[in-house]
Amino acid sequence: MSARTKKGPSALSVFEVAQAQLDRAAHVLRLDSSVHAILSQPKNELIVNFPVRMDDGSYRLFKGYRIQHNNIMGPFKGGVRFHTEVHLDEVKALASWMTWKSALLEVPFGGAKGGIKFDPREHSRAELERITRRFTHSLGSNIGPDYDIPAPDMGTNAQTMVWMMDTYMNSGSRELKNAVRGVVTGKSLTSGGSRGREKATGQGLVFVLQEWAKDRGFSLDGATVAIQGFGNVGSHAARILGRLGASVVAVQDHTGAVANPEGLHPKRLAEYVNRTGGVAGYDHGVAIDREAFFAAEADIFIPAALEMQITADTAPLMKSKVVVEGANGPMDIDGEEILRSKGVDVLPDVLANAGGVTVSYFEWLQNRRAETWSLDDVDKRLHGMMIAAYRTMRRLAIEHSVDNRTAAYCHALSRIQTVYLERGIFP
Ligand code: GLU
């Protein structure tokens, strides 16, 4: 049983944690009860079972999900995850977090999430292509550039998005082919992606961390960092922080953990992980266990892997000043409470990892306008939006005397509530 699914008698499921976070902010905001009820469950829950031919000629049945949480602020939006632990409860939580994230950043999208329960590492490129295309076909008109726009998440990447786009394009009418390029974001640059999208989540995370550092009079130059997960988010955050003079002293992923008090070279480690599939065996550091990783002497802790990692078991070990949530939902309610009692600042997922969906919005805009923005343009706009959201969150945290997550939810929820109350609830 993995650490993520290990549940004590009182442990909540991922979706229950998401609901508890919503309830907490709804209470602070005195959210309208009908709006609260609507937002407490996703609008649509789609589960598809589809067969795919394997390279050896056999067929295997896959289970795919697309959960559309809310679209009052704009089209459903959110990633697609390929992972063995994908399940309905998780995707529902992830979809709701996308709704809050988009509303907090003020990008005109709602929230959704999808996934297929399987291990992409066990499949050839040809099998991955057929799985992706067959899933996209099964989703059919449940996705679309003005309706629901998938993006990469764990286990998927720009290539996955290009296959999804191509499948969707070829399933519709010929004359609309190029008009539907924005059906997915996170595409390769050559197939209509945006500059800066790949590093966007890591970059956005660093932008808010820099703002936090300014607030706290903390210098990132010379700071120490521990990172859980060294995929797209963790490795880009590490490289950007490295350029600012911070040193990554411990990294953990599904293969193991390594530490080096002198600093692990982020670029070299990323190359190693690309080559070998994980951090285990990296020889410019020493192998440590999970407990030692959580107890690492690091000023900054960046969870950038799965949900529910910071819990009553791991939070007491942690020594960091700030936790910046690169992952979605990396801590449960107990873990958060323990960090709060220790005086650790938390920069919550809906803010800290929102750079991804923000640059997805830029990509979608570029596709609609047939434009290509420079990296400088993308970074500047991203910076402006991340900082604005950070400042709003801090203002509300002080105004309501609440933690950052609740404050971030308050902004998202009050924007959504205003629209519901203006439009009325159909019929
Ligand atoms: N999967 C990313 C997230 O969790 C990006 C979503 C998107 O760009 O739509 O935020």
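Details of the structure are given in the entry above.
Keep in mind that this is a model prediction, so the values were computed, not measured.

As for the packing of aromatic side chains
The tally for this structure, following the rule as stated, stands at 16 aromatic pairs. Seen from their ring centres, W212 and F218 are 5.3 Å apart, and the 55° between their planes marks the pair as tilted. Judged by centre distance (5.5 Å) and plane angle (55°), the ring pair of F293 and F301 falls under tilted. Joined through ring pairs, the aromatic side chains of F50, F62, F82, F118 and F135 make up one cluster. K77 extends its terminal NZ or CZ atom over the ring of F109, reaching a point 6.0 Å from the ring centre.

With respect to the nonpolar core
Generally speaking, nonpolar side chains in soluble globular proteins are found buried as a group. Counting residues in hydrophobic clusters, the biggest one holds 90 residues, and the most contacted among them are W100, I300, I302 and L347. Top contributing element to this core by residue count: helix α14 (residues 404-423), with nine residues. The contact partners of W100, leaving out residues within four places of it in the chain, are L22, L39, H69, V350, Y409, A412, L413 and I416. Judged by nonpolar contacts, the second largest core, of 23 residues, contains F118, L128, L139 and V183.

Here's the deal with the packing of helix α13 (residues 375-400) against α14
The geometry of α13 relative to α14 is characterised by a closest axis approach of 8 Å and an angle of 110° between their N-to-C directions. Judged by the inter-axis angle, α13 sits roughly perpendicular to α14. On the side of α13, the interface is formed by T392, M393, R394, L396, A397 and H400, while α14 contributes N404, A407, A408, C410 and H411. Broken down by class, the residue content of the contact of α13 with α14 amounts to six nonpolar, four polar and one charged.

Some details on unusual backbone geometry
A cis geometry characterises the amide bond from F426 onward to P427, with omega recorded as 0°. If you trace the backbone, P427 turns up in the segment after α14. With phi around 55°, M308 is a residue other than glycine that occupies positive phi space. With respect to the helices, strands and loops of the structure, M308 is situated in the loop between β10 (300-303) and β11 (322-324). For M308, a relative accessible area of 7% puts it in the buried group.

Cut-offs and rules
- Residues numbered from 1 in each chain as written.
- Predicted model: local features only at pLDDT ≥ 70, side-chain atom pairs only at ≥ 80, totals over all residues.
- Heavy atoms only, no water.
- Phe/Tyr/Trp six-rings, centres within 6.5 Å; stacked < 30°, edge-to-face > 60°.
- Lys NZ or Arg CZ within 6 Å of the ring centre and 35° of its normal.
- Core = buried A, V, L, I, M, F, W, Y, C linked by side-chain atoms within 4.5 Å.
- Buried < 20%, exposed > 50% of the residue type's maximum accessible area, 1.4 Å probe, protein only.
- Helix = DSSP H or I, 4+ residues; strand = E, 2+ residues; numbered from the N terminus.
- Contact = heavy atoms within 4.5 Å.
- Axes fitted to C-alpha atoms, helices over the stretch in contact; angles between N-to-C directions.
- Parallel < 35°, antiparallel > 145°, perpendicular 65-115°, else oblique.
- Nonpolar A, V, L, I, M, F, W, Y, C, P; charged D, E, K, R; others polar.

None of the figures reported here should be taken as evidence of function without further support.
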